[in-house]
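# Secondary and tertiary structure notes
Here are the chains, one letter per residue:
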Amino acid sequence: MIRLVVADDQSILRSGLVALLRLEPDLEVVGEAADGASTLATVAEHSPDVLLLDVQMPAGTRADGTPGPSDGIALAQELHELQAAQEAQEAQAQGAGQEGTTGPDVRASGSESRASGPESRAQPRIIVLTTFGRAGYLRRTMEAGAQGFMVKDTPVERLVDAIRRVDQGLLVVDPELAAQSLSVGASPLTTKETEVLQGAAAGGSTAKIAATLFLSEGTVRNHISSAIGKLGVANRAEAVRAASDNGWI
């Protein structure tokens, strides 16, 4: 049985998807969430095998009062980093155990041996679902450690197949978007131009971006102007859109 969490802020869409997935004999939806913070909490509570994750979700508020991830891709990145940290801790513990072992190697059997084997994972495998099939989203999704990327108008049979494949450790991406992503190329933006556009994408004013990055407002405007020129667009909003669509911010 593949255990799922479905995260999407659109209640009707999420409920419909959950109802369809529950018709499959090998799938079990163990939790739902509508924002970034509640998704993290639901994953921690239920430890699903696969997380179906919307890109554009509100951040929500964590139990400690801090905001959750800004979107689905940021959430995928956070889970990926948690997985890496947990694997590093396990490797360190195993190394310490081997150094201190003098007797025969005795291993647990059954479910405990499966949990400690090569197929175990502390965090779920992730399929990102989005309304917008953008090459930039695909690139950022894969860089964030997700294993799948699909648009929301994908037939449910293909989504179910993707869930099964991802659970087996395979990558599932739209081939057309994959080709587009490869053709985009490297970002022409400098590090500072990227940071400034990221601040603009988050809705920050020139003054706020300047304060956050410890720059003068004039320097921020210069970086925005330079980015506009490099991207061949007319204004700041178009620069943010172009950079986001190409996966550069």
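So, a few notes on the structure that sits alongside this text. Predicted, not measured: the structure shown is a model, and the values here were computed from it.

Quick look at the overall build of the protein chain now. In terms of helices and strands, the protein chain carries eleven helices and six strands. The buried share of the protein chain, reckoned over its 249 residues, is 39%. Counting only contacts in the protein chain whose residues sit at least 6 apart along the sequence, the fraction spanning at least 24 positions is 63%. Counting only carbon and sulfur atoms, one obtains 52% of the accessible surface of the protein chain, whose full area is about 13300 Å².

Turning next to the nonpolar core. In terms of nonpolar packing, the biggest core is built from 21 residues, with Ala-7, Leu-51, Leu-53, Leu-75, Leu-79, Ile-126 and Val-128 touching the most fellow members. Every element with two or more residues in this core is listed here: strand S1 (2-7), strand S2 (27-33), helix H2 (36-46), strand S3 (50-54), helix H3 (72-100), strand S4 (125-130) and helix H5 (135-143). Among the elements that line this core, the one with the most residues is H3, at four residues. Residues within four places of Leu-79 in sequence aside, it is in contact with Leu-40, Val-43, Leu-51, Gln-123, Pro-124 and Ile-126. By size, the runner-up hydrophobic cluster in this structure holds 19 residues, among which are Leu-17, Leu-21, Leu-129 and Val-166.

Any two side chains of opposite charge can pair, given that their charged atoms come close. Applying the stated criterion across every chain, the model contains ten salt bridges. For the salt bridge of Asp-161 with Arg-165, the shortest nitrogen-to-oxygen distance reads 2.9 Å. With Asp-161 and Arg-165 both in helix H6 (residues 156-167) and four residues apart, this pair spans about one turn of that helix. For Asp-161, a relative accessible area of 35% corresponds to the partly exposed category. Residue Glu-217 pairs with Arg-221 through a salt bridge whose shortest N-O separation is 3.8 Å. Note that Glu-217 and Arg-221 are positioned in helix H10 (residues 217-231) at a spacing of four residues, about one turn of the helix. Judged by its relative accessible area of 38%, Glu-217 falls in the partly exposed class. Relative accessible area serves as the criterion here: at 47%, Arg-221 is assigned to the partly exposed category.

Close contact between H10 and helix H11 (residues 236-245) brings their axes to 9 Å; oriented N to C, the two are set at 60 degrees. As summarised for this structure, H10 and H11 are arranged oblique, according to the angle between their axes. Relative to H11, the crossing made by H10 is left-handed. Each of Ile-224, Ile-228 and Leu-231 in H10 lies in contact with H11, whose residues at this interface are Arg-236, Ala-239, Ala-242 and Ala-243. Class assignment for the residues of the contact of H10 with H11 results in six nonpolar, no polar and one charged.

Moving on, we come to H2. Each full turn of the α-helix corresponds to 3.6 residues, which orients residues three or four apart in the same direction. If you check which residues of H2 are buried, you get Gly-36, Ala-37, Thr-39, Leu-40, Thr-42 and Val-43. Residue Asp-35 occupies the N-cap position of H2, its side-chain oxygen lying 3.2 Å from the main-chain nitrogen of Ala-37.

Another aspect to go through is the sheet that holds S1. As summarised here, the arrangement of the six strands in space is S2-S1-S3-S4-S5-S6, forming an open sheet in which the pairing is parallel. Of all strands in the sheet, those bounded by a partner on one side alone are S2 and strand S6 (172-173). Across four bridges, S1 lies against S3 in parallel orientation. Paired with Ala-7 across the strands is Leu-53, a residue of S3.

Relative to each other, helix H8 (residues 191-201) and H10 sit at 100 degrees, their axes nearing to 9 Å. Comparing their axes, H10 and H8 come out roughly perpendicular. Between H8 and H10, the contacting residues are Lys-192, Glu-193, Val-196 and Leu-197 on the first element and Val-220, His-223, Ile-224, Ser-226, Ala-227, Lys-230 and Leu-231 on the second. The residue makeup of the contact of H8 with H10, split by class, is six nonpolar, two polar and three charged.

Moving on, we get to H8. Looking at H8, one finds that the buried residues are Glu-193, Thr-194, Val-196, Leu-197, Gly-199 and Ala-200. In this fold, the buried residues of H8 make contact with helix H9 (206-213), H10 and H11. Of the residues trailing H8, Gly-203 is marked for its positive phi of about 90 degrees.

Reading guide: rules and limits
- Numbers given to residues run from 1 along each chain, matching the order in which its sequence is written.
- Predicted model: local features are reported for residues with pLDDT of at least 70 only, side-chain atom pairs are reported and counted for 80 or more only, and whole-chain, interface and lining totals are derived from all residues.
- As a rule here, side-chain values cover all heavy atoms of the structure and leave hydrogens and water aside.
- For helices the rule is a DSSP run of H or I covering at least 4 residues; for strands it is a run of E covering at least 2, with both sets numbered from the N terminus onward.
- Only protein chains enter the accessibility calculation, which uses a 1.4 Å probe; a residue is then buried when its area is under 20% of its type maximum, exposed when over 50%, and partly exposed in between.
- Whether two residues are in contact is decided by their heavy atoms, any of which lying within 4.5 Å being enough.
- Using a 1.4 Å probe, accessible areas were evaluated by the Shrake-Rupley method; residue-level cover was limited to the displayed protein chains.
- In this description, a nonpolar core means a group of buried Ala, Val, Leu, Ile, Met, Phe, Trp, Tyr and Cys residues linked to one another through side-chain atoms lying within 4.5 Å.
- The term salt bridge refers to a side-chain nitrogen of Lys or Arg lying within 4 Å of a carboxyl oxygen of Asp or Glu.
- The axes used here are C-alpha line fits, helices contributing only the stretch in contact, and every angle between their N-to-C directions lies in the interval 0 to 180 degrees.
- Convention used here: angles under 35 degrees read as roughly parallel, angles over 145 as roughly antiparallel, angles from 65 to 115 as roughly perpendicular, and any remaining angle as oblique.
- Should the near helix be turned counterclockwise from the far one by less than a right angle, the crossing is left-handed, whereas a clockwise turn marks it as right-handed.
- In the scheme used here, Gly and all other residues not listed as nonpolar or charged are polar, with Ala, Val, Leu, Ile, Met, Phe, Trp, Tyr, Cys and Pro taken as nonpolar and Asp, Glu, Lys and Arg as charged.
- Whenever two N or O atoms come within 3.5 Å, that pair is a polar contact, provided that in protein one can donate a hydrogen and the other can accept it, and provided that, for residues adjacent in sequence, both atoms are side-chain atoms.
- Only strands joined by at least two bridges in the DSSP assignment are considered to pair.

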